[in-house]
Structures are given as C-alpha cells and as structure tokens.
Amino acid sequence: MNIRNKAKETINLFKQLPKHHQTGLAVASAFICGLLLFPSESVEASRHSDVSMLTPGVRHALDIEISPSSEIIDFEDTSQWKTFTVRSGDTLAKVFSRAGLSARDVYNVTQLGDVAKPLIALRPGDEIAFLTGEDNAFDELRYKLSSTDTLIVRASGVNGALEAAIDTRDIDIRHNFAQGEIDSSFWNAATKAGLTSNQIMNLAGIFGWDIDFAMEIREGDTFNVVFEEQYIEGEFVGYGDIVAAEFVNQNETFQAVLHEDGNYYTPEGRSMRKSFLRAPINFKYVSSNFTKARFHPVQKRWKAHRGTDYVAAVGTPVMAAGDGKVIKSGYDRFNGHHVFVQHGETYTTKYLHFKSRAVRVGETVRQGQTIGYLGSTGMVTGAHLHYEFLVDGVHRNPRTVELPNPLPIAEEERAAFMAIAEVRVAQLNNNKRIMLAMR
Ligand SMILES: [Zn+2]
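The structure reproduced in this document is the subject of the present report. (Residues numbered from 1 in each chain as written. Predicted model: local features only at pLDDT ≥ 70, side-chain atom pairs only at ≥ 80, totals over all residues. Heavy atoms only, no water.)

## Let's talk about the sheet that holds strand S10 (residues 264-265)
- Read from one edge to the other, the open sheet built from five strands follows the order S6-S7-S8-S9-S10, with strand pairing classed as antiparallel. The open sheet has two free edges, formed respectively by strand S6 (172-181) and S10, since each of these has just one partner strand.
- As defined by bridge partners, strand S7 (residues 222-232) adjoins strand S8 (residues 235-249) across 10 bridges and the pair is classed as antiparallel. The residue bridging Val226 from the neighbouring strand is Ala244, located in S8.
- Along the sheet, helix H7 (residues 197-206) makes contact with S7, S8, strand S9 (252-258) and S10, crossing S8 at roughly 35 degrees. (Pairing = 2+ DSSP bridges. Helix = DSSP H or I, 4+ residues; strand = E, 2+ residues; numbered from the N terminus. Contact = heavy atoms within 4.5 Å. Axes fitted to C-alpha atoms, helices over the stretch in contact; angles between N-to-C directions.)

Structural data, given as structure tokens:
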C-alpha cells in the first residue's frame, strides 16, 4: 500500500465537500492521517531511504516559508496571520506568549493527542503561523512538518474546542538523468555528473550483485541513470527513486529498471537481487585502490593467493555475501579472527583477519548482515579483509564463477513490468543521444 497516495485521497475527498463540512472532516481525518502517516517510521524508510526529505511523519527543517494559503480552506482576510520563528530553548508556551496567546490556549493544544505532538518538541528555526480573532483569541495555527505536510490546529465554531489535522500537498514527479565516464573513481565521476551521495550509494546498491564497486571499477567504465525529482507547486523539494540505470563495467553492460514493487529487474525481467553480493564490504569504506588495480589486476592477485583483499579502516563492517549458516567463527595465528559461512550445499565464503567477530558458529545469517569488523589479526602486513569464495570446496574467482540464475519477475507482474521496462530503456537510450549531441 502506498501511504502517500492514501493521504492524497483523503485530501481530495476534502475538496469535494462543501466548506462547512470540511472542518469536521478535518478532525476525523486527523486520526486517519495520524494512523496512515505514522504507522511506524520504518515502513516508508525502508523503501524510500533516499527520499529522506519527504518521508511522511518525519520532520525536516526546510527553507520554505509557511504560507497561510491552504488546499482546504480559502481565507478571505489574511491580515491577522503572524509568523513566529522558534528560538533555541523555546517551548510551546514561550511561542504562544510571544504571539499574545494565553496559557489556556497552550493547555488546549497539549490535549490534542498524537496529531499535535510535533508542537511539544519544537525545533529551533521552525516557523509557526498564528491566526487570531477578536481580543487576540486563538483561531488557528499552522506548523510546517515537512515539504508536504502542515499541521493545522483550529478553533471550532461551536465552543472554541480545538481540532488538529495534517494537510498534505501533492508531489509532482519529474524525471531527470545523469551520466558519466569514470576516469579516477566512481565516486568522483558520479559527483561530477551531479548525483547526490545518496544517489551514488543507491546506484552502487542496484548493481551490487553484479559489480564489485570496491575492486573492479576501471577507467572508461560508464553509467547512465534516470531518476525522479519531486516538486510541490513547481518548487523542487527532493529526489525520489532511481527508476532506471545502466552501468558498463569492463565492457560488460548491466541494466536495471525499477518495478512498482520497489525492486529492480533487468529489462528482460530477471531480478537484480542474486544469491551473492559481489563484495562483502561497502565500496565507500574501501581505500581508493583504483590506480593500484590498473597495475595489479584483481585476476592476478586472486590467482596468487586465492582470495580478494579489501583494504579499509580497522572497524569497517563486513557483510555476509549471501544467506547462510556460520560454520566457523574463531581465532588462529594465521587467519586471525575469521568467519566461514556455508550457503546451501555448494557454496562457502571465508572472511579473515577481523578485528572482532559478530556471529557465532551455528548462527543463521542474512545477505548483507554484519558478521565481523575489518582488522589486522593473524599473519598480515596491514589492516584488510581477505575474502574467499569456494564452490564445492574449491577456491573460485567470484567475478567469473557461474552462480545460480536470478529469479524472474512473478508471472502475474510480467506484462506490467515489460511495459515499464520498454519506456525506461527508451529513456536511457534517449539520454545517451542527448549527451552525445551536447559534446
Ligand atoms: Zn588476502
């Protein structure tokens, strides 16, 4: 279920009603909105980790002015609106006092329950707009929670009892693109292409089962990305998902398209997610070995000692490359602290020289789970992770070994996905044409 769309429906429902009904509905929807927007913050966060600016229910300081205008109600007279900025050490009572409002008004607001909770923990720099009536009586306040959400507290006509609701504005999604060629490092090229650090991490995540971003990026590798930008009333408010991407690594082309289920698939409909991550360590931690790698191809080093060495700071988390069971977690003077993981009948991965281990023998681990922290224990000249990949007990190069086929997209999803994929691949190709023309 898309939480944001649900909230949108609620607001649209508002608009269809005569105005004097809208306030009443605001109260009812306050609780619905509350439930929809704050079910548990992890719900949206897990899928839209890059949309940090727009996660419903999470407050962010934004330089967008509070506007007294609203989708819900039109004000004929806005002259009584006053805006106050929250100062360091402010409480709701202090801000209300500056606005000339009473302690009773403060008390009433604190009785509104969860919907009005953001007002209890005000953040310096936030703005609160007040509308007051005769004798400075409290009529309404507006407190912007995020670029989409504004908390509205309003005195009802009947006996001045307060009602709280959250007004959510629609987000327009537009597509933009970026591409680049790597000449020093992936990070540098991606930054130069205009991608944010979040987008760079997400891009590496999309291809993390195919490409070892720590060791196998080469000069001349290229990337091409189509991503969402989010606008509210014409104003840019943040980035959305990467919807399509292409990465050419050592002349091998990988493409990925985002489906409505939040997962990435190849344009042919095979999952990007596979049994093994290419690297058991996040590339951002690994010392820039790009130049070194050109002179000492991984292939050769791999042959020399049947594993891959990742040089990074002591304490860097190391992940299980795939789901499995810990068959060894121990210490000896050669391997230092080390962990072996068995994946099904066929595969074993080994991780050596940890500073400390995070799993015990017999434990079940998930792909991406931290199993230890990089160190320099055992026979080493410096801190690094030594990683081995074994098939039926034989050391193999994880880059060239044949791995289980990734799962195809569910049959009932296939037609819908193929329609999306066609559009996305056309966008990727179109971007290449545009960039060529601009050269
Ligand atoms: Zn090694």
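## Examining the pattern of salt bridges
- As enumerated under the stated definition, the model contains nine salt bridges in all.
- The residue Arg366 makes a salt bridge to Asp323 at a minimum N-O spacing of 3.8 Å. Note that Arg366 is positioned in the loop between strand S16 (364-365) and strand S17 (370-374) and Asp323 in the loop between strand S12 (317-319) and strand S13 (324-332), a separation of 43 residues in sequence. (Salt bridge = Lys/Arg side-chain N within 4 Å of Asp/Glu carboxyl O.)

## Examining the environment of Ala155
- Relative to the elements of secondary structure, Ala155 occurs in strand S4 (residues 149-155).
- Residues Ala155 and Asn108, 47 residues apart in the sequence, show an inter-C-alpha distance of 10.0 Å.
- With residues near it in sequence (within four places) discarded, Ala155 still touches Phe138, Asp139, Gly160, Ala161 and Leu162.

## Section: the environment of Phe254
- By the secondary structure assignment, Phe254 is in strand S9.
- Spatially, the C-alpha atom of Phe254 lies 9.7 Å from that of Pro267, the residues being 13 residues apart in sequence.
- Contacts of Phe254, omitting those with residues within four sequence positions, involve Phe207, Asp210, Ile211, Ala245, Glu246, Phe247 and Asn249.

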